[in-house]
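# A closer look at the structure
The chain contents come next:
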Amino acid sequence: MRSTTRRPASVLAALAVVAATLLAACNSAASPSPSTAASPAASAGSSAAASQGTAHEPVSIVVGALRPGVTQAAADALFEQIKEFQAKYPWITVQPEEYNWTAPTFTAALAAGTLPDVFTIPFTDGKGLIAEHQITDIDALVRALGYADKFNPSVLVNGQDSAGKIYAVPTAAYGMSLTYNRTLFKQAGLDPDKPPQTWDDVRAAAKTIAEKTGVAGYASMATENTGGWQLTTSTYANGGRMEKVADDGKVTATVNNDATKAVLQRLKAMRWDDKSMGSTFDYAWGTMNQAFAAGQVGMFTGGSDLYTWMIQNASLKPDDYGITVIPLDGSDSGVLGGGTLAAVNVVTTAEQRDAAVKWIDFYYIQKLLTQDGAVADAKALTANNQPVGVPALPIFDKATYDESQVWIKDYINVPTEQMTPFTSKIFDQPLINEPVAHTQELYAALDPVVQAVLTDPNADINALLDAANTQVQAVLDAPAP
Amino acid sequence: MGSISEVAPVPSVDARSRAARFRVTRAGLATFAFLLPMLVIFGLFAWFPIIRAFVMSVQDTNLVSDPVYVGLQNFQRVLADPLLGIAVRNTAWFAFLALIFGFPVPIILAVLMSELRHRRGLFSALAYLPVVVPPVVSVLLWRFFFAASPTGVFNTILGWFGLGPLPWLQNAGTAIPSIVIEATWAAAGATVIIYLAALVGVRPELYDAAEVDGASLWQKIRYITLPQIRNVLFVTLILQLIATAQLFTEPLLFTGGGPANSTMTVLLLIYKYAFQNSLGGDYGMAAALSLMLAAFLAVFTAGYYWLTRRWGVDS
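Residues numbered from 1 in each chain as written. Chains lettered and ligands numbered in written order. Predicted model: local features only at pLDDT ≥ 70, side-chain atom pairs only at ≥ 80, totals over all residues.

### Things to note about the overall build of chain A
Using the following cut-off: The helix count covers DSSP runs of H or I at least four residues long, the strand count covers runs of E at least two residues long, and both are numbered beginning at the N terminus. Here contacts are defined at the residue level, using C-beta atoms placed from the backbone and a cut-off of 7 Å between them.
Helices and strands together make up the secondary structure of chain A, namely 19 helices and 11 strands. In chain A, the share of contacts with a sequence separation of at least 24, taken over all contacts with a separation of at least 6, comes to 80%.

### Description of the overall build of chain B
This is how it is decided: Burial is judged by counting the other C-beta atoms within 10 Å of a residue's own C-beta: 20 or more makes it buried, 12 or fewer makes it exposed, and any count in between marks it as partly exposed, with every C-beta position built from the backbone.
When helices and strands are tallied, chain B shows 15 helices and 2 strands. For chain B, the proportion of its 315 residues judged to be buried stands at 28%.

### Digging into the domain arrangement of chain B
Residues and elements named next belong to chain B. Quick reminder of the rule: Domain boundaries shown here were taken from an automatic or database domain assignment.
What the domain assignment reports for chain B is domain 1 (2-57) and domain 2 (84-308). Put simply, the middle of domain 1 and the middle of domain 2, counted by C-alpha atoms, are 38 Å apart. Contact with domain 1, which involves 4 residues of that partner, is made by 6 residues of domain 2.

### Concerning the nonpolar core
Considering soluble globular proteins, one finds that nonpolar side chains tend to be buried as a cluster. Definition in use: Remark: nonpolar core denotes a set of buried Ala, Val, Leu, Ile, Met, Phe, Trp, Tyr and Cys residues whose joining runs through C-beta atoms within 7 Å.
Counting 178 residues, the largest nonpolar core has I61, V118, Y218, A343, W359, I360 and L446 of chain A as its most contacted members. Once residues lying within four places of it in the same chain are set aside, the contact partners of L446 of chain A are G227, G228, L231, V255 and A468 of chain A.

### Side note on the packing of helix 3 (residues 72-88) of chain A against helix 15 (residues 371-383) of chain A
How two helices sit against one another is set out by the angle between their axes and by the gap between those axes. Residues and elements named next belong to chain A. Stated formally: What counts as an axis is a line fitted to C-alpha atoms, over the stretch in contact for a helix, and the angles between N-to-C directions run from 0 to 180 degrees. When the near helix sits turned anticlockwise from the far one by under a right angle, the crossing is termed left-handed; a clockwise turn instead gives a right-handed crossing. Gly is placed with the polar residues, together with every amino acid not listed as nonpolar (Ala, Val, Leu, Ile, Met, Phe, Trp, Tyr, Cys and Pro) or charged (Asp, Glu, Lys and Arg).
As a packed pair, helix 3 and helix 15 sit with axes 8 Å apart at the nearest point and diverge in direction by 145°. Of the two elements, helix 3 crosses helix 15, and the hand of that crossing is right-handed. Here A77, E80, Q81 and E84 of helix 3 lie close against helix 15, whose contacting residues are A376, A380, L381 and A383. Its residues assigned to classes, the contact of helix 3 with helix 15 shows 5 nonpolar, 1 polar and 2 charged.

### Looking at helix 9 (residues 172-200) of chain B
Note the following rule: To estimate how far a helix should reach, multiply one less than its number of residues by 1.5 Å. We define the bend at any residue as the angle between the axes fitted to the seven residues before and including it, ending there, and the seven starting there.
Taking 1.5 Å per residue, 29 residues should reach 42 Å; helix 9 of chain B reaches 43 Å between its end C-alpha atoms and fits that length. By the largest-angle criterion, A188 of chain B marks the main kink of helix 9 of chain B, which is about 40°.

### Things to note about the pairing of strand 8 (residues 297-303) of chain A
Residues and elements named next belong to chain A. Note the cut-off: Two strands are counted as paired when DSSP detects at least two bridges linking them.
Extensive coverage of strand 8 is indicated by the burial of 7 of its 7 residues. The pairing of strand 4 (residues 168-181) with strand 8 spans 5 bridges and is antiparallel. Considered in strand 8, the bridge of M176 is made with G303.

### Description of the confidence of the model for chain B
Atom-level detail of predicted coordinates should not be read off regions where pLDDT is low. All names here are of chain B. Selection rule: pLDDT measures how confident the predictor is about each residue, on a scale from 0 to 100.
Looking at chain B, pLDDT values average 89 and 90% of them are 70 or higher. Scored below 50 in pLDDT, residues 1-5 shows 4 contacts in the model against residues more than four places distant or in partner chains. The complex prediction reports pTM at 0.85, with the ipTM value standing at 0.83.

### Things to note about the pairing of strand 1 (residues 59-66) of chain A
When strand 1 of chain A meets strand 2 (residues 92-98) of chain A, the two strands line up parallel, connected through 6 bridges. Following the sheet pairing, I61 of chain A is matched in strand 2 of chain A by V94 of chain A.

### Observations regarding the environment of M264 of chain B
Residues and elements named next belong to chain B. On the secondary structure map, M264 appears in the loop between helix 13 (249-254) and helix 14 (266-275). For M264, a count of 24 C-beta atoms within 10 Å corresponds to the buried category. Separated by 136 residues in the primary sequence, M264 and Y128 have C-alpha atoms spaced 29 Å apart. Dropping the residues within four chain positions of it, M264 is found in contact with L83, I86, A87, N90, G257 and L269.

### Digging into unusual backbone geometry
A cis amide bond, omega -15°, links G258 of chain B with the succeeding residue P259 of chain B. Tracing the sequence through the fold places P259 of chain B in the loop between helix 13 and helix 14. Positive phi values are uncommon outside glycine, yet H133 of chain A reaches one of about 60°. With respect to the element layout, H133 of chain A can be found in the loop between helix 5 (123-131) and helix 6 (139-143). Even without a glycine there, the phi angle at H438 of chain A is positive, about 50°. Position of H438 of chain A relative to the elements: it lies in the loop between strand 11 (431-433) and helix 18 (439-455).

### Remarks on the environment of V70 of chain A
All names here are of chain A. For V70, the position within the fold is in the loop between strand 1 and helix 3. We classify V70 as partly exposed; it has 19 C-beta atoms within 10 Å. Distance in space between the C-alpha atoms of V70 and Q312 is 5.4 Å, their sequence separation being 242 residues.

### Digging into the environment of L145 of chain A
One can find L145 of chain A in the loop between helix 6 and helix 7 (153-156). Along the chain, L145 of chain A and D361 of chain A lie 216 residues apart, while their C-alpha atoms are 8.0 Å from each other.

### Structural notes on the confidence of the model for chain A
Residues and elements named next belong to chain A. Averaged over chain A, the pLDDT score is 88; the fraction of residues at 70 or greater is 88%. Confidence drops under pLDDT 50 across residues 1-5; counting only partners more than four residues distant or on other chains, this segment forms 6 contacts. Note on residues 25-53: pLDDT under 50 across the span, and 25 contacts to partners over four residues away in sequence or across chains.

In structure tokens, the structure reads:
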């Protein structure tokens, strides 16, 4: 027997399903795809027009230059620099947006199309994003600035495609360092001006700090890909490598090499025999900085550029900050070097790309190349009590870097004497680039290995590394999209 | 049809349906107009994503480049992933612990609170307070409390009783039990309120009869209270199992899946497929695992209702 009372309800339900299906079909058909074919001609045309000095169309760009959680003073320094930029280029409006690169938030913003017009990415992701057509070709615009060949080639290569076209501009380079708390050193009876020179020194100092002060003498990051990153750093410092690239371009994972095993053995001994690593083992980049600034960590390996973040986000006491070079052990050892690239969103008009490259030039590069730029940047920072003079690695050459430091020497307000153990030796250490293929996935596969060694006294280091090696090799062997 | 209407004074089926049809079509347009906003919103935010998920599960897509249809490859890759077995095991272990520890707690609280003569409202509000706190806030607070150093909040409290500092979230064996404790605290209040309402419906004569027969408090609970609210218990049990199968916020914010993947759950694995690779997420695999989880929960729920059908009471 037919139930006619149910018919209208079932008709409505059917309508809803049909409507949803139509929406699904329409949406997937109309999803925006980057119009890379159209853009080079358009951008060539408009940049030619611009250089002829014709009137500029007002254009607005969103820049991801505001770090979440900074103090108001740090934000004010940025706003001041935006005002200077807008005074120089009156037709460009710059809207700052909160932006911080982490793998999950970047991936979600990339898929949603909500990345700012100018955003930063680590060196590790430059080539991968270029291959996936997720950042736009700005080669012509960057070369028009005139200093494209001054870049250190091993730094610039991270933002270039295989033909050498520039897709992303290097804005900062760092080398890994051993960061240590000078106050804790003093409390433990160690001399903060004579930081550890070898890994055995590090282990001994960690034990002393843990015994005398009760805090972790040495700590290691272990989550959000930073575990693998720091393990790679220590591996390089002991002469090992995580990936081997053959002449034909094939990449082999070498995660289970002897240097990595030695590093993990040492971590295991420090954790379970010396008990000098405290009781927290899930540090990521931000939480490690916070713990250090709070005086809960004696030493850790981290970037050479952390002082700024710790001051702006974690209320670091400047007297606590000490930094020295990572101890190198063995032939083939070196310092892991990384850095940041500035890239431009694919979903931008030609005028926006022009404006974006001008912003990159003004905000990131001018302070390294011209005295006016350097002094203007230093003035804006000191006016808001922000650090000036934090050690960095050159993205051009050493001479240019030294010159830029001379220009701002009257504005330097960081405790440079506390940083000389690093600055006096870093340029003598060989700099090694991060693993070249699927770097973040390599790091992600190593995080559980580091966590296991630090939380399980019976962790089988060889088995863990072999399993991770198989996992990474599978990722490396997967066919390219 | 005709023989039935001769026996019983019921209008014939034809006449009834004619009257109903007339009633519905006269009110039809207005009804449809009122339903339309709900249908649009429901369609846009529930049905559209579900259909999109079915489509994405057979595609290789990072939601930026053009998708490629790959048939059942995503499902095969998910099933071949060693992390899937770990995630399923961890989720099952959490569900089991939440059942043993977390399921009885609201029942006990509700029974205790129903004995109160005064201040029942105050205790209800206090029990419900953790539910009102946003989950992210609760988890981050508890993460601070769970600090594994001897000066962490919980370790300090344990120290007052002479108990050693526990590693809480820093050890693979204690991480999931720690999350169970927080999850129970956060969710117990809502079920306590439900049980209190159900307990009010238990007829007092049953307790009086038991009193006369000389039943102890425990016997009263076991033979009267629990059987009388068993329909509610069946529903809250399946709801809890479905919710624990979808555990996500707690492992994400407490440990990120660590230490060493010991708190990796199925939903966290879906999140990892979708968002961990900064060069572009694998949304096809994420959609495939989501559908597999949904299918499993649907089959599980159907089986559960079939099994408990015989034990329930048709009221």
